[in-house]
Amino acid sequence: MAKFDIIAATGCPTGIAHTFMAKEALEKAAAERGLTIKVETHGQVGVENELTKSEIAGAKAVVVAADKDVQAERFAGKPMVSVGVSKALSVEAAGKLIDRALAAKGDSTVAVAADVEDETEEKESIGHVIYKHLMNGVSHMLVFVVAGGVLTAVSFLWGITSFDSTASDYNSFAAMLKIIGGIAMNLMVPVLSAYIAESIGKRPALVPGFVAGMIAIQGLPVNAETGMIDAGGAGVGFGFLGGIVGGFLAGYVILLLEKVFAGLPKNLDGLKAIFLYPLFSTAIVGLVMLGISGPMAAINTAMMDFLKGLSASGAVVLGLAIGCMCAFDMGGPVNKAAYVTGTAMLTEALAAGVGTDTYNFGTNFMAAVSAACIVPPLITTFAVVVGKKYFSQEDHDAGIVNLILGCTHITEGAIPFMTKNIWPVMPIMMLGSSIASILTIMFNVHDPAPHGGFLVLPVVENGPLWVLAILIGAVVGGILFVAFKKYDFEKNQKAAPVAKPVEASKAAAVEAPKAEAVDFVKVENVFVAEDFASRDEALSFVSNQAVKAGIASDADAVMNAFLAREAEGTTGMMEGFAIPHAKSDAITEAAVIVVKDESGVTGWDTMDGAPVNVAIALLIPGAQAGTTHLKILSKVAEALMDEDFRGTVKGSTDAAEIAKTINARLV
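### A look at the overall build of the protein
Link 1 in the chain: What the protein contains, in helices and strands, is 25 helices and ten strands.
Link 2 in the chain: Put simply, the protein has 667 residues, and 51% of those count as buried.
Link 3 in the chain: Considering only intrachain contacts with a sequence separation of at least 6, the fraction spanning at least 24 residues in the protein is 70%.
Link 4 in the chain: Of the roughly 28,400 Å² of accessible surface on the protein, a fraction of 63% belongs to carbon and sulfur atoms.

### What to know about unusual backbone geometry
Outside of glycine, negative phi angles account for most residues, and trans bonds account for most peptide bonds.
Link 1 in the chain: Here the amide bond leading from tryptophan 423 into proline 424 is cis, since omega sits at 10 degrees, within 30 degrees of zero.
Link 2 in the chain: Among the structural elements, proline 424 can be located in helix 17 (residues 422–442).
Link 3 in the chain: With a phi close to 55 degrees, asparagine 49 is a non-glycine residue in the positive phi region.
Link 4 in the chain: Structurally, the position occupied by asparagine 49 is in the loop between strand 3 (46–48) and helix 2 (53–58).
Link 5 in the chain: Judged by its relative accessible area of 38%, asparagine 49 falls in the partly exposed class.
Link 6 in the chain: At glutamine 71, a residue that is not glycine, the phi angle is positive and equals roughly 55 degrees.
Link 7 in the chain: Here glutamine 71 lies in the loop between strand 4 (61–66) and strand 5 (80–83).
Link 8 in the chain: According to the relative accessible area criterion, glutamine 71 is partly exposed, its value standing at 41%.

### Notes on the confidence of the model for the protein
Link 1 in the chain: The predicted model of the protein has a mean per-residue pLDDT of 85, with 90% of residues at 70 or higher.
Link 2 in the chain: Scored below 50 in pLDDT, residues 106–122 makes 22 contacts in the model with residues more than four places away or belonging to other chains.
Link 3 in the chain: Contacts for the low-pLDDT stretch residues 497–518, under 50 throughout, to residues beyond four places or in other chains number 22 contacts.

### So, the pattern of salt bridges
Link 1 in the chain: Summed over all chains, the structure comprises 16 salt bridges.
Link 2 in the chain: Between arginine 33 and aspartate 99 there is a salt bridge whose closest N-O contact spans 2.8 Å. Separated by 66 residues along the polypeptide, arginine 33 in the loop between helix 1 (18–32) and strand 2 (37–43) and aspartate 99 in helix 3 (residues 91–103) bring together distant segments of the chain. Pair check on accessibility: arginine 33 and aspartate 99 agree, each one buried.

### Here we look at helix 10 (residues 269–291)
Link 1 in the chain: Here helix 10 spans 31 Å end to end across 23 residues, near enough to the 33 Å set by a 1.5 Å rise per residue.
Link 2 in the chain: Along helix 10, the sharpest kink reaches roughly 40 degrees, centred on leucine 276 and followed within four residues by the proline proline 278.
Link 3 in the chain: All of the buried residues in helix 10 are Lys272, Leu276, Tyr277, Pro278, Ser281, Val285, Gly286 and Met289.

### Structural notes on the sheet that holds strand 5
Link 1 in the chain: As summarised here, the arrangement of the five strands in space is 3-2-1-4-5, forming an open sheet in which the pairing is mixed. Looking at strand neighbours, the two that pair on one side only are strand 3 and strand 5, the edges of this open sheet. Here the average twist between neighbouring strands, direction ignored, is 10 degrees.
Link 2 in the chain: Alignment of strand 2 against strand 3, held across three bridges, turns out to be antiparallel. Within strand 3, the residue paired with histidine 42 across the bridge is valine 47.
Link 3 in the chain: Contacts from helix 3 reach strand 1 (6–11), strand 2, strand 4 and strand 5, with the element oriented near 135 degrees to strand 4.

### Observations concerning the packing of helix 9 (residues 239–260) against helix 11 (residues 293–312)
Link 1 in the chain: Running from N to C, helix 9 and helix 11 cross one another at 135 degrees; their axes reach a closest spacing of 8 Å. What the angle tells us is that helix 9 and helix 11 run oblique. By crossing handedness, the relation of helix 9 to helix 11 is classed as right-handed. On helix 11, the residues touching Gly239, Phe240, Leu241, Gly242 and Val245 of helix 9 are Met296, Ile299, Asn300 and Met303.
Link 2 in the chain: For the contact of helix 9 with helix 11, the residue count by class is six nonpolar, three polar and no charged.

### Examining the nonpolar core
Link 1 in the chain: Membership of the largest hydrophobic core comes to 62 residues, with the highest contact counts inside it found for Ile98, Trp466 and Phe481.
Link 2 in the chain: With eight residues, helix 14 (residues 357–386) is the single largest residue contributor to this core.
Link 3 in the chain: Those residues in contact with phenylalanine 481, other than ones at most four positions away along the chain, are Ile379, Thr380, Ala383, Phe391, Phe417, Val425 and Ile428.
Link 4 in the chain: The next biggest cluster of nonpolar side chains, apart from the first, holds 57 residues, and it includes Ala197, Ala212, Ile254 and Leu350.

### Focus on helix 21 (residues 535–548)
Link 1 in the chain: Over its 14 residues, helix 21 runs 20 Å from end to end, which matches the ideal 20 Å to within 8%, given 1.5 Å per residue.
Link 2 in the chain: Those residues of helix 21 not exposed but buried are Ala538, Leu539, Phe541, Val542, Ser543, Gln545 and Ala546.
Link 3 in the chain: If you follow the buried residues of helix 21, they end up packed against strand 6 (521–527), helix 22 (555–568), strand 9 (591–601) and strand 10 (612–621).
Link 4 in the chain: Two residues or fewer past helix 21, glycine 550 is found with a positive phi of approximately 80 degrees.

### Some points on the packing of aromatic side chains
The description of two aromatic rings rests on the distance between their centres and on the angle between their planes.
Link 1 in the chain: Under the criterion given, the structure shown has twelve aromatic pairs.
Link 2 in the chain: When the centroid spacing of 5.6 Å and the interplanar angle of 75 degrees are considered together, the rings of tryptophan 158 and phenylalanine 173 count as edge-to-face. Taken together, the residues span a long stretch of sequence, with tryptophan 158 in the loop between helix 5 (126–155) and helix 6 (172–186) and phenylalanine 173 in helix 6 at a distance of 15 residues.
Link 3 in the chain: Assessed through its relative accessible area of 37%, tryptophan 158 is described here as partly exposed.
Link 4 in the chain: The interplanar angle of 55 degrees and the centroid separation of 5.4 Å between the aromatic rings of phenylalanine 532 and phenylalanine 541 together place this pair among those described as tilted.
Link 5 in the chain: One aromatic cluster is present, formed by Phe261, Tyr277 and Phe280 through successive ring pairs.
Link 6 in the chain: Note that lysine 178 overlies the ring of phenylalanine 163, its terminal NZ or CZ placed 4.6 Å from the centroid.
Link 7 in the chain: Positioned over the ring face of phenylalanine 391 is lysine 485, at 5.1 Å from the centre of the ring.

### Re the packing of helix 24 (residues 643–651) against helix 25 (residues 655–665)
Link 1 in the chain: The contact between helix 24 and helix 25 brings their axes to 9 Å, and the two run at 155 degrees. In terms of axis orientation, helix 24 runs roughly antiparallel to helix 25. For helix 24 against helix 25, the interelement crossing comes out left-handed. Of the residues in helix 25, those in contact with Phe645, Thr648 and Val649 of helix 24 are Glu657, Ile658, Thr661, Ile662 and Arg665.
Link 2 in the chain: Split into classes, the residues belonging to the contact of helix 24 with helix 25 amount to four nonpolar, two polar and two charged.

### Examining the environment of aspartate 654
Link 1 in the chain: Along the chain, aspartate 654 falls in the loop between helix 24 and helix 25.
Link 2 in the chain: Its relative accessible area of 40% is what places aspartate 654 among the partly exposed residues.
Link 3 in the chain: For the pair aspartate 654 and valine 526, spaced 128 residues apart in the sequence, the C-alpha separation amounts to 9.0 Å.
Link 4 in the chain: Reaching out from aspartate 654, the side chain makes a polar contact with the backbone nitrogen of alanine 656 at a distance of 3.0 Å.

### Remarks on the environment of glycine 342
Link 1 in the chain: Relative to the assigned elements, glycine 342 resides in helix 13 (residues 333–352).
Link 2 in the chain: Considering only alpha carbons, one finds glycine 342 and isoleucine 322, 20 residues apart in sequence, at a separation of 9.5 Å.
Link 3 in the chain: Ignoring sequence-local partners within four residues, the contact set of glycine 342 consists of Phe365 and Met366.

What counts, and at which threshold
- Residues numbered from 1 in each chain as written.
- Predicted model: local features only at pLDDT ≥ 70, side-chain atom pairs only at ≥ 80, totals over all residues.
- Heavy atoms only, no water.
- Helix = DSSP H or I, 4+ residues; strand = E, 2+ residues; numbered from the N terminus.
- Buried < 20%, exposed > 50% of the residue type's maximum accessible area, 1.4 Å probe, protein only.
- Contact = heavy atoms within 4.5 Å.
- Areas by Shrake-Rupley, 256 points an atom, 1.4 Å probe, with all protein chains shown as cover.
- pLDDT = per-residue confidence, 0-100.
- Salt bridge = Lys/Arg side-chain N within 4 Å of Asp/Glu carboxyl O.
- Expected span 1.5 Å × (residues − 1).
- Bend = angle between axes of the 7 residues up to and from the residue.
- Pairing = 2+ DSSP bridges.
- Axes fitted to C-alpha atoms, helices over the stretch in contact; angles between N-to-C directions.
- Parallel < 35°, antiparallel > 145°, perpendicular 65-115°, else oblique.
- Left-handed = near helix turned anticlockwise from the far one by under 90°.
- Nonpolar A, V, L, I, M, F, W, Y, C, P; charged D, E, K, R; others polar.
- Core = buried A, V, L, I, M, F, W, Y, C linked by side-chain atoms within 4.5 Å.
- Phe/Tyr/Trp six-rings, centres within 6.5 Å; stacked < 30°, edge-to-face > 60°.
- Lys NZ or Arg CZ within 6 Å of the ring centre and 35° of its normal.
- Polar contact = N/O pair within 3.5 Å; in protein donor to acceptor, adjacent residues only side chain to side chain.

Structure (structure tokens):
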């Protein structure tokens, strides 16, 4: 059975993009550190790459990056860091999480300095706990909304009243589709409530959670004649807000009952699970939900009236609010708040029926939300095509993929672009989304489907105008994004040191993949018989050799760059290896310098506590940070996982052989 240094679990509410972006970032960060890792994903299709008990037991530390329940209780007793999935979307952020998880062990062999801010985050905040429970409900709810909403929308293809047997466009198949879609949509609130409860109180909380959700959509039944509570009467539902309240209520009631019944004999555990918990929790939650139905219905009505009042202020005000919320965090809590509000209003719209004011407002609101969610990925596609020279090949490829993601209503593809330059990329995305939302409202577009992007165009009223609104938002945002990247590109070029003709040709060779493998490690830059008293002495030696070799112009600047990187987190790996790296404008040529100390350099924090015998030092010009730097670093980290590579480099005293071995792995 394979053993992993780090195990992790990732999960986002939709289980589409964030989940797998975090997985990839964690895997790359672990590779940079020479660590093995297994990441379990909790996506929309379920749990993949599931961790086994033996893998959990054998791991050094655990990273949980999730906004939903990933059964973190499995990791009890292990050194662990638990954060929201958005805090693990970049390799740098994921690396800090791994370092913190290792540091949590309190073992000197894995001690990694964590800054004060990180230490305060070590304990999950109350806000994140609540958000995680909420998103567990939203995650399970969304599939019901999508399936039910799209099926209901498809039924309209036969006619807007094709489900009505008294209408001239009646179609029995369309009526059945609408019935099925309506049932799925009606399950939205009970499922939301049940899985919020389940995240808190586990399986016993499902029963009161479902009951709370059903009460939320039905309200307190009252006899119209007597004005008294009557099981045969009719009530006023209080929507998804009631479902949220009911979910938290049900979950915490179960936790309370667990404490109340904790004194019962162990042999009554079965009775508690099958009888006591469901009976008492359902009674308590049901009575409380019915008791608050009046105030909750009033709050729900007030919220809907506020949104309708906002629309009365004009398309610009409402569209701006929707666009900014959807593009603010692209799949995060603010985006989800706008989307869930849209689906709730769409549910009411479909229940009210075609032609009603509620239907017109709800479907128009949903169309604006969908437009705002589609735009950000399309902005990146436009930008990487029009301004290709200003983007890396990796960004260009991601932007092209975003064409598919955007067209299918998956906003998260734009996140990597925003995280690199939150300002001004976030405002650009918000502006583009707002333009699309405003125009969608002005064009009187109606979308009866809650998801699907352009796949649901056949059922969108004024569909061509909807596409036009989205394209206008994407093009305006794309132009601004290209303008920013052009400015940033030209600024970096001016800041780059002016190279001599010979040095310029070397730099050009570095950019070519074939030369990269040949030129990075030169025999004269491999030092095999050194004796260093400390880490800093070794780094100072490398800095001075870099100046002597013409790789850098200022040894002090290079040394400061090395130390700054060590302050972020040790570059000491395992089995006697370290990969220090310096990024500085004082470095004129990307290169690798190798130093060996047979007796070992002590005081260099390594993952296994062993002294460093081989330091493979990376020196990268400031202008190439994030491109050449990451390529070399990832290849060296990958090579260190190879036992043959480690054996050859560590065991050889031949500088030429060492240079050849390392260069072969930099291809």
